[in-house]
Amino acid sequence: LYRRYGLWFRLRRLILWLLGMYIAIPFLVKLCPAIQAKLVFLNFVRVPYFIDLKRPQDQGLNHTCNYYLQPEEDVTIGVWHTVPAALWKNARGKDQLWFEEALGFSHPVILYLHGNAGTRGGDHRVELYKVLSSLGYHVVTFDYRGWGDSIGSPSERGMTYDALHVFDWIKARSGDNPVYIWGHSLGTGVATNLVRRLCERETPPDALILESPFTNIREEARSHPFSIYRYFPGFDWFFLDPITTSGIKFANDENVKYISCSLLILHAEDDPVVPFHLGKKLYNIAATSRSFRDYKVQFVPFHTDLGYRHKYIYRSPELPRILR
């Protein structure tokens, strides 16, 4: 009986402690909005952990060069440039200057903007680079400031400026070759920020590709499956308002109203991170926007049975046809 009472006492104490933490966390987030910002970016989560980002060849990217660019003072970002597979033999043993000059060869370029957590060397990202390279694209990707081995503090403004800097760097070297922008997950927010800015200065990309996009960060946070507090009284005040206070909006739904280039949206119906309905809602907003009246807007869903979820659309055998 004594042991049973002691076990019940410890269990009750654990339950009360967990309940206290559950109640305390919303107040902690409200008082420290930076916590919520870190949960949006997850830049401190580096997966895989034990890779050398200076050596993309360790990830099977034998025709890839690692660069470092400096968008602003005290900010340095790590960049990978993968050339089309057709140039693989020519790329062996070449230096950075050759890779930069290769952007001017007759191949289109994709600027890839990854999502939160991890680095440019994430497994699913590397597999996508390989697919796109095999289809004849240059792939240029990078880690935003504060991610991977890039130096600086993360912010929506900073991520967008990093993307703008890399885009301009590509355009200065790619000649008349088409340049497409591909954003995935949180990277779709960076992508629409970037493309809206490019359209406003009348230098739009040749197309925008959004993989697993959301409408805006508040709706995504409210719909996220890990949002265990969504039914908590005052959820918006405790959790969503601190995101806005931190200057984080990623307003894809507003940005698409000011974008004037072809748009392709890819979304898996079984996406557990960004709900499918948010991608469809974004498409409906874009399709009726006056800014797209002279451009093609396409939404490609991937059925649940395919199992592509949040980050495996690159496995689709239909992807080459879709991109063409």
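As a starting point, this report considers the structure included with it. (Residues numbered from 1 in each chain as written. Predicted model: local features only at pLDDT ≥ 70, side-chain atom pairs only at ≥ 80, totals over all residues. Heavy atoms only, no water.)

Let us look at the sheet that holds strand β1 (residues 64-72). Read across the sheet, eight strands follow the order β1-β2-β4-β3-β5-β6-β7-β8 without closing on themselves; strand pairing throughout is mixed. Since the sheet does not close on itself, it has two edges, and those belong to β1 and β8 (297-302), each with one partner. Strand-to-strand twist in this sheet, taken as the mean axis angle between neighbours without regard to direction, amounts to 20°. Here strand β7 (residues 262-268) pairs with β8 via six bridges, running parallel. Note that in β8 the partner of histidine 267 across the bridge is proline 301. Of the strands in this sheet, β3 (109-113), β5 (179-184) and β6 (207-211) touch helix α7 (residues 186-200), which is tilted by about 145° from β5. (Pairing = 2+ DSSP bridges. Helix = DSSP H or I, 4+ residues; strand = E, 2+ residues; numbered from the N terminus. Axes fitted to C-alpha atoms, helices over the stretch in contact; angles between N-to-C directions. Contact = heavy atoms within 4.5 Å.)

Here the focus is the packing of aromatic side chains. If you walk through the whole model with that rule in mind, you get 13 aromatic pairs. Plain terms: the ring middles of tryptophan 98 and phenylalanine 105 are 6.1 Å apart, the flat faces sit at 75° to each other, and that makes the pair edge-to-face. Given a relative accessible area of 14%, tryptophan 98 falls into the buried group. Every member of this aromatic cluster is reached through a ring pair, and the members are Phe41, Phe142, Tyr144 and Trp147. Sitting above the plane of the tryptophan 98 ring, lysine 94 keeps its charged end 5.6 Å from the centroid. The aromatic ring of tyrosine 258 is capped on one face by arginine 196, whose charged end is 4.0 Å from the ring centroid. (Phe/Tyr/Trp six-rings, centres within 6.5 Å; stacked < 30°, edge-to-face > 60°. Buried < 20%, exposed > 50% of the residue type's maximum accessible area, 1.4 Å probe, protein only. Lys NZ or Arg CZ within 6 Å of the ring centre and 35° of its normal.)

In total, this model carries 13 salt bridges according to the counting rule given. We note a salt bridge from glutamate 200 to arginine 196, for which the minimum N-O separation is 3.2 Å. On the criterion of helical spacing, the pair formed by glutamate 200 and arginine 196 is a turn pair, its members being four residues apart in helix α7. A residue is classified by how much of its surface remains accessible, and glutamate 200, at 52% relative accessible area, is exposed. Residue classification places arginine 196 among the partly exposed residues on the basis of a relative accessible area of 23%. Connected through shared salt-bridge partners, Glu72, Arg145, Arg157 and Asp162 make up one network. (Salt bridge = Lys/Arg side-chain N within 4 Å of Asp/Glu carboxyl O.)

Shape is all these values report; function is a separate question.
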